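Chain and residue survey
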Amino acid sequence: MHENCLYSAQAYFEASKRSERWGRLMIFLPACASATSGFMSALASRPIWGAVSAVAGAVAATASFLGGAKKSVDFLGSARAYTVLRHKIKLELQLIPQAEEMERVVERVRLLNEEYLQIVSTDSPVPNRSFELARKRIQQGRAA
């Protein structure tokens, strides 16, 4: 579970970064295209610039309405939940004395597993590209 949480947290952090960047670009680039075409439409009497401005404005408005940032926030929430659980598991591993009854250890593991399953059940699927990037970072020692 500890290793699963490490990989999942890192993958969701990567997905959150990519989603936020993509969401911003899908609003910023069409908005810039709309502004530029609107300006060109005002200067030149070509109807194509007005059409480009309207389409680019519609794309920016749609991207803003769909909320690319929401997906990023969801991914970030999952990443944080896995990180918190990973720290709990690490603490439990350090606190389990050698002489502790096996029943109590099993109960602690069951509780941690229930928490893990709760996080998994509410996650949005992480893109494969984000998982692969996370795996590489972990293997290179660039993720904690």
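Fair warning: this is a prediction, and the values are worked out from it, not measured in the lab.

Cut-offs and rules
Residues numbered from 1 in each chain as written. Predicted model: local features only at pLDDT ≥ 70, side-chain atom pairs only at ≥ 80, totals over all residues. Heavy atoms only, no water. Helix = DSSP H or I, 4+ residues; strand = E, 2+ residues; numbered from the N terminus. Rg over C-alpha atoms; globule rule 2.2 N^0.38 Å. Buried < 20%, exposed > 50% of the residue type's maximum accessible area, 1.4 Å probe, protein only. Contact = heavy atoms within 4.5 Å. Areas by Shrake-Rupley, 256 points an atom, 1.4 Å probe, with all protein chains shown as cover. Lys, Arg positive; Asp, Glu negative; His and termini not counted. Charge placed at Lys NZ, Arg CZ, Asp CG, Glu CD. Patch = residues over 30% accessible without salt bridge, like charges linked within 9 Å, V, L, I, M, F, W, Y side chains within 5 Å. Salt bridge = Lys/Arg side-chain N within 4 Å of Asp/Glu carboxyl O. Core = buried A, V, L, I, M, F, W, Y, C linked by side-chain atoms within 4.5 Å. 1 Å grid on protein atoms, 1.4 Å probe; cavity = no way out; pocket = protein on both sides within 12 Å on 5 of 7 lines; lining within 4 Å. Points joined across faces, edges and corners; volume = space filled by probe spheres on them. Nonpolar A, V, L, I, M, F, W, Y, C, P; charged D, E, K, R; others polar. Phe/Tyr/Trp six-rings, centres within 6.5 Å; stacked < 30°, edge-to-face > 60°.

Looking only at helices and strands, the chain features five helices and zero strands. In the chain, the order of α-helices and β-strands from amino to carboxyl end is α-α-α-α-α. Taken over C-alpha atoms, the radius of gyration comes to 23 Å for the chain, far larger than the 15 Å a tight globule of 144 residues would show. Dimensions of the chain, computed from C-alpha atoms along their principal axes, come out at roughly 85 × 30 × 20 Å. In the chain, buried positions account for 26% of the 144 residues. Contacts spanning at least 24 positions in sequence make up 83% of the contacts within the chain whose residues lie at least 6 apart. For the chain, the exposed area adds up to about 9,800 Å²; of that, 61% sits on carbon and sulfur atoms. Taking the average place of the 19 positive charges on the side chains of the chain and the average place of its 13 negative ones, the gap between the two points comes to 15 Å.

A surface patch of nonpolar side chains, amounting to about 450 Å² of accessible area, comprises W22, L25, F28 and L29. Note on placement: L25 falls in helix α1 (residues 2-43).

This next bit is on the nonpolar core. Listed in full, the twelve residues of the largest apolar core are C5, A9, Y12, A15, F75, A79, Y82, L85, I89, L112, Y116 and I119. In terms of residue count, helix α3 (residues 68-95) provides more of this core than any other element does, five residues in total. Setting aside residues no more than four positions away along its own chain, A79 makes contact with A9, Y12 and F13.

In this section: the layout of surface pockets. Computed from the structure, the largest pocket encloses a volume of approximately 280 Å³. In terms of lining, the largest pocket is formed by 17 residues, of which the most central are R18, S19, W22, G23 and K71. Listing elements by their share of the lining of the largest pocket, those giving two or more residues are α1, α2 (47-66) and α3. Per-element accounting of the lining of the largest pocket gives the leading share, nine residues, to α1. A breakdown of the residues in the lining of the largest pocket according to their chemical character gives nine nonpolar, five polar and three charged.

Turning our attention to the packing of aromatic side chains. Across all of its chains, the model carries four aromatic pairs by this definition. On the basis of an interplanar angle of 55 degrees and a centroid distance of 5.8 Å, the ring pair of Y12 and F75 is categorised as tilted. In this pair, Y12 is assigned in helix α1 and F75 in helix α3, connecting sequence segments 63 residues apart. Taken individually, Y12 and F75 each receive the classification buried, so the pair is uniform in this respect. A network of ring pairs unites the aromatic residues Y12, F75, Y82 and Y116 as a single cluster.

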